[in-house]
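This is what each chain is made of:
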Amino acid sequence: MRDADPSTNEREFLLAALKDGARIDGRKFYDFRTLRLTFGAEYGAVEVQLGNTRVLAKVSCEVIRPYTDKPTEGFLMFNTELSPMASAAFEVGRQTDEEVLVSRLIEKAMRRSRALDTEGLCIVAGEKVWSIRVDIHFLDHDGNLVDAACIAAITALLHFRRPDVTVVGEDVTIHTLEQRNPVPLSIHHIPICTTFAFFNNGERMIVDPSFLEEQVKEGDMTVTLNVHKEVCALSKAGGIPMEIDQILQCTKIAVVKVAEITAQIQAALEADAKKR
Amino acid sequence: MSRLDRTRTSAHQLRPFFSSQNLLNRADGSAQFDFGESSVMCSVVGPAEVKLRDEKLDRATIEVVVRPLVGLPGIKDKAREQALRETLEPLVLSGLHPRTGIQIVVQTMKDDGSILATAFNATILALLDAGIPLKSILGAVTCIVDAETNQILLDPTTQELANAKSTHTFVFDNKSSITSDSTQEDKEAVEVSTLYSDSTGLFSEEEYFECAQICYKAVQAVHGFIRTAVQKKLEKEQQQIHS
């Protein structure tokens, strides 16, 4: 089932409102929707709600043999299949362009920015390394899947604890959660995506577009930053051409947003740690 | 005897239920159902447009998609899809919506055993939420026969499943439910209608029927819970309309 295009009335109303300086859900141009983080009972399970967009991330690990050319490198894998639960437009077993873009962006933001220390996942060089798997389940699609997925993935990785191991000579013992306290992953920095949508020939830009806004937009751009004001990834796949100044302005707005979101993630993690 | 999960005192005790309906905004109906730390989310879209090759001239096509918590869908998930679809097909009044499709997506949110039973209960709540016409309501419960004690344990956790000699999942409809005001004769006259039964492992005939009996009694609680959940939801909706 394809998503129905918004009616002319809806489209015109949204564009007219934007021209008058308002968004239809009452947000300011550079506001995110309310972000809610819920942790599961086990380590590494996080449900993220960004307004009506809902994403579940689950981290799991296993011990595998590394590649021979990189004997000390652990693995980090993402599974970002779009489920038809999020929208009936997503079909099982058929990748849409949107799905490819979303998974590529997550990959770039998290793996290629070296957010996770993969060398730290090595147990015995050339023999055994940890493979960390992040399953991202999209439950409800109300726009901006990328930002929600990115927040879910990094929060789940921060929340996750892997079993402790001891190596004596050639013998490797993996301790169960009851035997020894599990250990957190070593994470270098927290990359956070901020997505912008452009309207009115690129003159009007907004943060965190909703589904309707995504359908009407002229172009979009995703900036991935961390709190140290470092750009981890930047993606502008098509859409209307932009001026360089605007891109700079986007990154400046993103810096503020990233600081807010990072603070919220850390506060949520601390609150959860106290409960355990 | 205390159970392995330490929260339950009896072998025939179910974990606490939790349900929530109408959670998702893009689906026509959705629900989450929990048995303790096992949780399943289900969404329903339909009756809607259907692909030409799946179209049935006299009834709605029911499509079930089961998605695991970790990894890509495998054979186990395909088996669950088939179990859900074939159990629901006779239950849904699909003849009322010919040449349409009803898509059901089942997503495991937390896994601590008895996932198939949890999925059945979540699905029926989501179908009710979507307003799909149904013949009756179902309720599902899993039980195991413990390998050491030969005791029948209801609603097992992952840990308990590891010690199971055999595992049995039963689904019953609510047409034959024993209500509090039914007389003794009614109770004896009810014909238990089993919608689905799945057993794995080694077990005797007596064990199987004992399991079925225990699960049937336990399912009455699930039926009652579903009834209350729907009732509460409708009352809330009524209040919203009148306020």
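These numbers were taken from a predicted model, which means no experiment stands behind them. Starting from 1, residues in each chain are numbered consecutively following that chain's sequence as written. Here the convention is simple: chains get letters from A, ligands get numbers from 1, in the order in which they are written. Only residues with pLDDT of at least 70 are given local features in this predicted model, and only at 80 or more are side-chain atom pairs given and counted; all residues enter the totals for whole chains, interfaces and linings. Hydrogens and water are ignored here; the side-chain numbers use all heavy atoms of the structure.

Colleague: Just give me the short version of the UniProt feature "domain: Exoribonuclease phosphorolytic" (unreviewed entry) in chain B, but keep the residues and values in it.
Modeller: UniProt positions are given in the numbering used here, feature names are shortened, and annotations may be inferred rather than shown by experiment. UniProt annotation of "domain: Exoribonuclease phosphorolytic" (unreviewed entry) refers to residues 13-133 and 140-213 of chain B when read in the numbering used here. As a span, residues 13-133 of chain B carries 25% helix and 33% strand, and end to end its C-alpha atoms are 32 Å apart. Every helix listed is a DSSP run of H or I at least four residues long, and every strand listed is a run of E at least two residues long, numbered separately from the N terminus.

Colleague: For the confidence of the model for chain B, give the residues involved together with the corresponding values.
Modeller: Should pLDDT be low for a region, the predicted coordinates there are not to be read in detail. In the predicted model, chain B carries a mean pLDDT of 90, and 91% of its residues have values of at least 70. Per-residue confidence from the predictor is given as pLDDT, running between 0 and 100. Per-element confidence in chain B ranges from a low mean pLDDT of 57 for helix α4 (residues 184-189) of chain B to a high of 97 for helix α2 (residues 115-130) of chain B.

Colleague: Any chance you could break down the packing of aromatic side chains for me, citing the residues and the numbers?
Modeller: What describes a pair of aromatic rings is the distance from one ring centre to the other and the angle between the planes of the rings. Residue and element names in this part refer to chain B. Each pair of aromatic rings taken from Phe, Tyr and Trp, with Trp reduced to its six-membered ring, is defined by centres within 6.5 Å and is described as stacked if the planes are under 30 degrees apart, edge-to-face if over 60, and tilted in the remaining cases. Enumeration over the complete set of coordinates arrives at twelve aromatic pairs over all chains. Seen from their ring centres, F170 and Y208 are 5.5 Å apart, and the 50° between their planes marks the pair as tilted. Of this pair, F170 sits in strand β8 (residues 164-173) while Y208 is found in helix α5 (residues 205-242), placing the two residues 38 residues apart along the sequence. Ring geometry for Y208 and F209: centres 5.3 Å apart, planes at 80°, overall edge-to-face. For the exposure calls, accessible area comes from a 1.4 Å probe over protein chains only, and a residue counts as buried if that area is under 20% of its type's maximum, exposed if over 50%, partly exposed in between. Given the relative accessible area of 22%, Y208 is considered partly exposed. Ring pairs connect the aromatic residues F170, F172, F203, Y208, F209 and Y216, which therefore count as one cluster.

Colleague: Outline the pairing of strand β13 (residues 219-225) of chain A, supporting the account with residue identities and numerical values.
Modeller: Residues and elements named next belong to chain A. The buried fraction of β13 is high, at six of seven residues. Paired strands, as defined in this entry, are two strands with at least two bridges between them according to DSSP. Alignment of strand β11 (residues 192-199) against β13, held across seven bridges, turns out to be antiparallel. Each residue of the ladder has a partner; that of C193, found in β13, is T224. When β13 meets strand β14 (residues 231-235), the two strands line up antiparallel, connected through four bridges. Bridging from a neighbouring strand, T222 pairs with S235 of β14.

Colleague: Requested: an account of the interface of chain A and chain B, with residues and values cited.
Modeller: Every residue pair with non-hydrogen atoms within 4.5 Å of one another is taken to be in contact. Taken together, the contact between chain A and chain B spans 27 residues of the former and 25 residues of the latter. Here chain A and chain B share an interface that buries about 2,300 Å² over both sides, 57% of which is from carbon and sulfur atoms. The largest share of the area that chain A buries against chain B comes from M1, M85 and H137 of chain A, three residues that together contribute 26% of it. In what follows, salt bridge is the name for a side-chain nitrogen of Lys or Arg lying within 4 Å of a carboxyl oxygen of Asp or Glu. Inspection of the region where chain A meets chain B yields one salt bridge. Measuring nitrogen to oxygen at the nearest pair gives 3.7 Å for the salt bridge that ties E81 of chain A to R67 of chain B. Only β3 (53-64) and β6 (128-140) of chain A provide two or more residues apiece to the side of chain A that touches chain B. The greatest single-element share of the side of chain A that touches chain B, amounting to five residues, is contributed by β6 of chain A. Buried area is calculated as the accessible area (1.4 Å probe) missing from two parts once they are joined, with the contributions of both summed.

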